Each structure stands twice: as structure tokens, then as C-alpha cells.
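Next come the chains, spelled out residue by residue.
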Amino acid sequence: MSDRDDEPRTSPRPFRRLLRPAAAAGSGPPRGASRFAAVLRAPARPGEPLFAQAPKAWQRMLPYAVAAVFVATLLPVTITVLAGDYGLDGGWAGALGVAQTVPLLLAVSRPLPAWALVLGADTVGALVLTGADRVSGHSWPWPPMTVVGYLALMVFLGLREPARTMVGVWLATGAVGVVLGFMAPEGASQTAALLFVLAGCLLALAGVLRGLGDAQRRIAEQESISEAERARRTLLEERARIARELHDVVAHHMSVITVQAESAPYRLPGMAEPVQEEFAAIAAGARESLGEMRRLLSVLRSDGAGSGGADGERAPQPGIGRIRQLVEATVRAGQPVELSLAAGAERAAPPAVDLSAYRIVQEALANVVRHAPGARTRVSVTHDAREVLVVVANGPSEDGTPVVEGSGGGTGHGLVGMRERVRLTGGTLDTGPLPGGGFRVAARLPLDAPIEEAS
């Protein structure tokens, strides 16, 4: 009861574009943006440096380099501005410069403690500046270099901390600015509102970037899970389809046993009564087994399973003897195929091997038509006293497209189905690309190996 006809599954050449990555087809963000977003994902463990999960060493060192540049730039500028423009004592200027900039190095791995240190140092600096000689006419409570360092810290913090923490940091920044506003020196330019707004914008931007990285990671995880589930479903579907096909093989033998057992008293007259009863028991057991097999088949067969419809269900199972028809159908579809079929191969092979050999050739030719249209292909089926050897080898496609190790495209069963059938018969399967750009499928199917149980 075949659920396929002899025509190979064909697919137009544009189908090969579906094999390309989704980013190349424009179905997702650019590859560079995806990689950058993946790097921005939040670390898995507390205390882990920013970008610690980046794939390249220079990406993992980038946050340290950025923090070092900010410290090396802001430290001398802070000391110079506090001492020169604000008229602050040199000792205070040096101490505040170190306290306000050096914690940026800590922000790479522990941004929240670094923020607490910087905010504390900036607050102390604002209080100290209230007694400076030339604070009038300058920015207060946050001098320009303080604003730059604080905003850099907001970026580090936004890439690491959750939204609740970022909101708390932003509100704390505004609250400190409001409290300090009551102590503003006369003539100073207020910068508390400016820092509050800019800090909120950078925290939101960094949070969006971090969220994009998390989303990309979750999408990748779901794609990996979906691919594993798809492979598992494909394997189960193929095993069920093989079981439905093998039902015919077993049912034929059981029917023969039933007929022989029931006709034995008529074919062999003079049989003793106990012997007749034994043959009757054998016939009854065989009929019961056939009924159980039909019930099992009804469980395996689902609506729409296979592609043969009602007519296909009544068609006999194909075998090595029909490989020539399969090749001829492939040639009519425009694929140059040569066939070398050893005489007597279909008679030498048992039913399971006979069916498996045909299906392997069918799947291999379908993959050639799909992934290497126009490629010259050779099909060889030989046998000896121990095994049947099936080889399908093709060259590169006409347009030079690399041959892809397909998985069956239309049904998703190609190489998966081949492996299952070869395992079923206790044989071996060898697949892989050829040096000249083609592809080769070689299956050895033992003639007398025991059937292997499905795992």
C-alpha cells in the first residue's frame, strides 16, 4: 500500500533561496545588528563583566578599554577645572577627581556599587564647591566633566541592571539634585535638571539595547528548540510511514500462513484429528494476528498521511523492480540519470530490503532534483549472496550551486528516512559530498540480517 507514486518530488530552482539564512532574505535584522545585539545581552551571573559572553576576545575587552579611556581623560580634566576654574584647593581637586572618575573601572563588572561611589563623590564635590572662590557663573552642582562621567556610568548601568533598578537610580539622581538645589551658591548655573533628563534618556536607550539582545537570545533558543522538535517529529513520522509500508509485507506472509493452515486437511488427506486441530489453531491465530495488525495500522495511519490518497492505499508496495520506472520518470522531469541495475536483484532481496532499496533511490533522486537540478546522476543497484548495494551519485548542478545535504524539503524525510530504513534492515549508509562538488549516497542492505528494533 504505497503512499507515493513513482514520480520524484520536484521543486523549482527558486526554492534553493529558502536555504539561505533569514537575514540574507530580508526576514530579520541585519547580521551585524543581530551580532551586536547578542553581545549586549545581560550577563548570566552577578559580578560577571559586561560583554563577558561575547565570542571574541576584543569584544570582551572593549568595556575595560572604554572605561579606561574615560578615566584617563576625565581625571586630569576634572582636577584642572576644579582647581583652575572653580578656585578649589589642589588637594580637594585631586581627591574629588580620583573619587569621581576611577569608580568607572568598577562599572564594567559591578555598575551599581560604582554608581553609589560616583554619586556620593559628586554630592560631596557639590557641597565642597559651595565654598569655592569662583563658583559663581559656573555649572553647579554638577560641573561639565562630572556630567560626562555620570552619563558614561549610566550607559554601563543600563546595559546590566533591570528596569526597576534603572528607575530607582534615575529617581535618586533627581532627588539628590533637588536637595542640593536648596544650597545653590549665588550666581551658579543650575545643572541638576540637565543631568536628570540626560541620565533618563541614556538609561532608557541602554535598556532598549539590552532588551534587544535578550530578545535575540530568546529567539535563538526558541529556534534551536523548534529545530530539535522538527527533527524529532520528522523521525517519528518517517518511522510511522515505514511501519505502514511494512504492514503489507508482514500481512502477506500472515495471509499465506492462514491459507496454508486452513487448506492443509484438504491438501493432505488422512490427517489425524489432533493434527487437524493444530492446523485449525494455527489458522485462527494467524487470522487474529492479521486483525491486530489492521488495528495497529489504523492507529499509525492519520488523516492525510501519505500522498497517495485512496488509490495509493490500494497500490502494491514498490521494490527494486520498479526502480527503472522511477529513473525514467526522473529523466522525463529533466534530470539526466543513468541506471545500472543488476539482473535478479529484485528476486534476491527479501520484501523489507526490496522496499527499502526503492525508497532510498527515490529519496536520493528527489534530493538531487531539489538541490542540484541538471546535475548528471548515476544510480547503481548490485547484489551478491550477502547484500544489496545501492549507490546514487551526482555531480554539481548546471549553475554551479553547491550541493546541499538535504533533509527532504517537501516532507522533511530525505536522509532521515534513508537512515531509518537502513537501520531497519541492519545495513549501513554512507552519505557525503564528492571532491568534484557532487554528492553521494551509498547504502548496504544485508539480505539475511535480523530486523533491528526501533529505539
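What you are looking at is a predicted structure, and each value in this text was computed from that prediction instead of being measured.

### Considering the overall build of the chain
Turning to step 1, where the next piece is worked out: The helix and strand tally for the chain stands at 13 helices and seven strands.
Turning to step 2, where the next piece is worked out: Within the chain, the fraction of its 455 residues that count as buried is 42%.
Turning to step 3, where the next piece is worked out: The contacts of the chain with a sequence gap of at least 6 include a subset with a gap of at least 24, amounting to 74%.
Turning to step 4, where the next piece is worked out: Summing over all exposed atoms, the chain offers an accessible surface of approximately 23200 Å²; the carbon and sulfur share of this is 62%.

### Considerations on the packing of aromatic side chains
Turning to step 1, where the next piece is worked out: Within the structure shown, the criterion is met by one aromatic pair.
Turning to step 2, where the next piece is worked out: An angle of 10° between the planes, with centres 4.4 Å apart, marks the rings of Trp170 and Phe196 as stacked. Of this pair, Trp170 sits in helix H6 (residues 163-181) while Phe196 sits in helix H7 (residues 192-267), and the two are 26 residues apart along the sequence.
Turning to step 3, where the next piece is worked out: Classification of Trp170 as partly exposed rests on a relative accessible area of 29%.

### Here we look at the nonpolar core
Turning to step 1, where the next piece is worked out: Core analysis: the biggest nonpolar cluster contains 44 residues, and Leu82, Trp115, Tyr150, Leu153 and Met154 have the highest contact counts within it.
Turning to step 2, where the next piece is worked out: The element contributing the most residues to this core is helix H5 (residues 144-158), with eight residues.
Turning to step 3, where the next piece is worked out: Here Leu153 is in contact with Leu104, Ala107, Pro111, Ala114, Trp115 and Val118, once residues within four sequence places are set aside.
Turning to step 4, where the next piece is worked out: Membership of the second largest hydrophobic core comes to 27 residues, among which are Leu326, Val361, Val381 and Val422.

### Describing the sheet that holds strand E4 (residues 377-383)
Turning to step 1, where the next piece is worked out: On the basis of which strands lie adjacent, the open sheet formed by five strands has the order E3-E4-E5-E7-E6 and mixed pairing. At either margin of the open sheet sits one strand with a lone partner, and together these are strand E3 (337-341) and strand E6 (428-433). Taking each pair of neighbouring strands and ignoring which way they run, the sheet shows an average axis angle of 5°.
Turning to step 2, where the next piece is worked out: As judged from the five bridges shared by E3 and E4, these two strands associate in the parallel manner. Paired with Ser340 across the two strands is Ser380, which belongs to E4.

### Describing the environment of Val155
Turning to step 1, where the next piece is worked out: The residue Val155 is located in helix H5 in this model.
Turning to step 2, where the next piece is worked out: Taking relative accessible area as the criterion, Val155 reaches 33% and is therefore assigned partly exposed.
Turning to step 3, where the next piece is worked out: As a C-alpha pair, Val155 and Ala204 span 49 residues in sequence and 9.2 Å in three-dimensional space.
Turning to step 4, where the next piece is worked out: Setting aside chain neighbours within four positions, we find Val155 in contact with Leu202 and Ala206.

### A look at unusual backbone geometry
Turning to step 1, where the next piece is worked out: Look at the link from Trp140 to Pro141: it is a cis peptide, with omega at 5°.
Turning to step 2, where the next piece is worked out: Structurally, Pro141 is set in the loop between strand E1 (139-140) and H5.

### A few points about the pairing of E6
Turning to step 1, where the next piece is worked out: Across six bridges, the pairing between E6 and strand E7 (residues 439-446) is antiparallel. Within E7, the position partnered with Pro433 by the bridge is Phe439.
Turning to step 2, where the next piece is worked out: Here E6 folds back onto E7 in antiparallel fashion, the turn holding five residues, of which Gly437 has a positive phi close to 105°.

### A closer look at the pattern of salt bridges
Turning to step 1, where the next piece is worked out: Evaluation of the coordinates by the stated rule reveals seven salt bridges.
Turning to step 2, where the next piece is worked out: One salt bridge connects Glu387 with Arg444, and the closest N-O pair in it is separated by 2.6 Å. Within this pair, whereas Glu387 is found in strand E5 (residues 387-394), its partner Arg444 is found in strand E7, the two being separated by 57 residues in sequence.
Turning to step 3, where the next piece is worked out: Salt bridges sharing partners connect three or more residues here, namely Glu338, Arg376 and Arg378.

### Describing a nonpolar patch on the surface
Turning to step 1, where the next piece is worked out: The grouping of Leu127, Val178, Val179, Phe182 and Met183 at the surface amounts to a nonpolar patch, some 520 Å² of accessible area in total.
Turning to step 2, where the next piece is worked out: Structurally, Phe182 is set in the loop between H6 and strand E2 (189-190).
Turning to step 3, where the next piece is worked out: Residue Phe182 is classed as exposed on the basis of its relative accessible area, which comes to 73%.

### Some points on the packing of helix H2 (residues 57-84) against helix H3 (residues 90-101)
Turning to step 1, where the next piece is worked out: It is the contact of H2 with H3, at a shortest axis distance of 8 Å, that shows an interaxial angle of 150°. In terms of orientation, H2 and H3 fall into the roughly antiparallel class. The interaxial crossing formed by H2 with H3 has right-handed handedness. On H3, the residues touching Val71, Leu74, Leu75, Thr78, Ile79, Leu82 and Ala83 of H2 are Ala93, Gly94, Leu96, Gly97, Val98, Gln100 and Thr101.

### As for the confidence of the model for the chain
Turning to step 1, where the next piece is worked out: Residues of the chain with pLDDT of at least 70 account for 79%, and the chain-wide mean is 79.
Turning to step 2, where the next piece is worked out: Confidence, read as mean pLDDT per element, is least for helix H9 (residues 309-314) in the chain (44) and greatest for helix H4 (residues 111-129) (94).
Turning to step 3, where the next piece is worked out: Of the regions scoring below 50 in pLDDT, residues 406-412 engages in 19 contacts with residues more than four places distant in sequence or in other chains.
Turning to step 4, where the next piece is worked out: Note that pLDDT drops below 50 for residues 451-455; the model gives that stretch nine contacts with residues more than four away or on any other chain.

### As for H2
Turning to step 1, where the next piece is worked out: When the terminal C-alpha atoms of H2 are compared, their 41 Å separation across 28 residues agrees well with the 40 Å that a helix rising 1.5 Å per residue should span.
Turning to step 2, where the next piece is worked out: Of all the bends found along H2, the most pronounced is centred on Pro63 and spans about 30°.
Turning to step 3, where the next piece is worked out: Buried within H2 we find Gln59, Pro63, Ala67, Val71, Leu74, Thr78, Val81 and Leu82.

### Topic: the side chain of Gln335
Turning to step 1, where the next piece is worked out: Within the element layout of this structure, Gln335 appears in the loop between helix H10 (323-332) and E3.
Turning to step 2, where the next piece is worked out: A residue is classified by how much of its surface remains accessible, and Gln335, at 5% relative accessible area, is buried.
Turning to step 3, where the next piece is worked out: One polar contact links the side chain of Gln335 to the main-chain carbonyl oxygen of Ala375, over a distance of 2.7 Å.
Turning to step 4, where the next piece is worked out: Once residues lying within four places of it in the same chain are set aside, the contact partners of Gln335 are Thr330, Val368, Val369, Ala372, Pro373, Gly374, Ala375 and Thr377.

Reading guide: rules and limits
Residues numbered from 1 in each chain as written. Predicted model: local features only at pLDDT ≥ 70, side-chain atom pairs only at ≥ 80, totals over all residues. Heavy atoms only, no water. Helix = DSSP H or I, 4+ residues; strand = E, 2+ residues; numbered from the N terminus. Buried < 20%, exposed > 50% of the residue type's maximum accessible area, 1.4 Å probe, protein only. Contact = heavy atoms within 4.5 Å. Areas by Shrake-Rupley, 256 points an atom, 1.4 Å probe, with all protein chains shown as cover. Phe/Tyr/Trp six-rings, centres within 6.5 Å; stacked < 30°, edge-to-face > 60°. Core = buried A, V, L, I, M, F, W, Y, C linked by side-chain atoms within 4.5 Å. Pairing = 2+ DSSP bridges. Axes fitted to C-alpha atoms, helices over the stretch in contact; angles between N-to-C directions. Salt bridge = Lys/Arg side-chain N within 4 Å of Asp/Glu carboxyl O. Patch = residues over 30% accessible without salt bridge, like charges linked within 9 Å, V, L, I, M, F, W, Y side chains within 5 Å. Parallel < 35°, antiparallel > 145°, perpendicular 65-115°, else oblique. Left-handed = near helix turned anticlockwise from the far one by under 90°. pLDDT = per-residue confidence, 0-100. Expected span 1.5 Å × (residues − 1). Bend = angle between axes of the 7 residues up to and from the residue. Polar contact = N/O pair within 3.5 Å; in protein donor to acceptor, adjacent residues only side chain to side chain.

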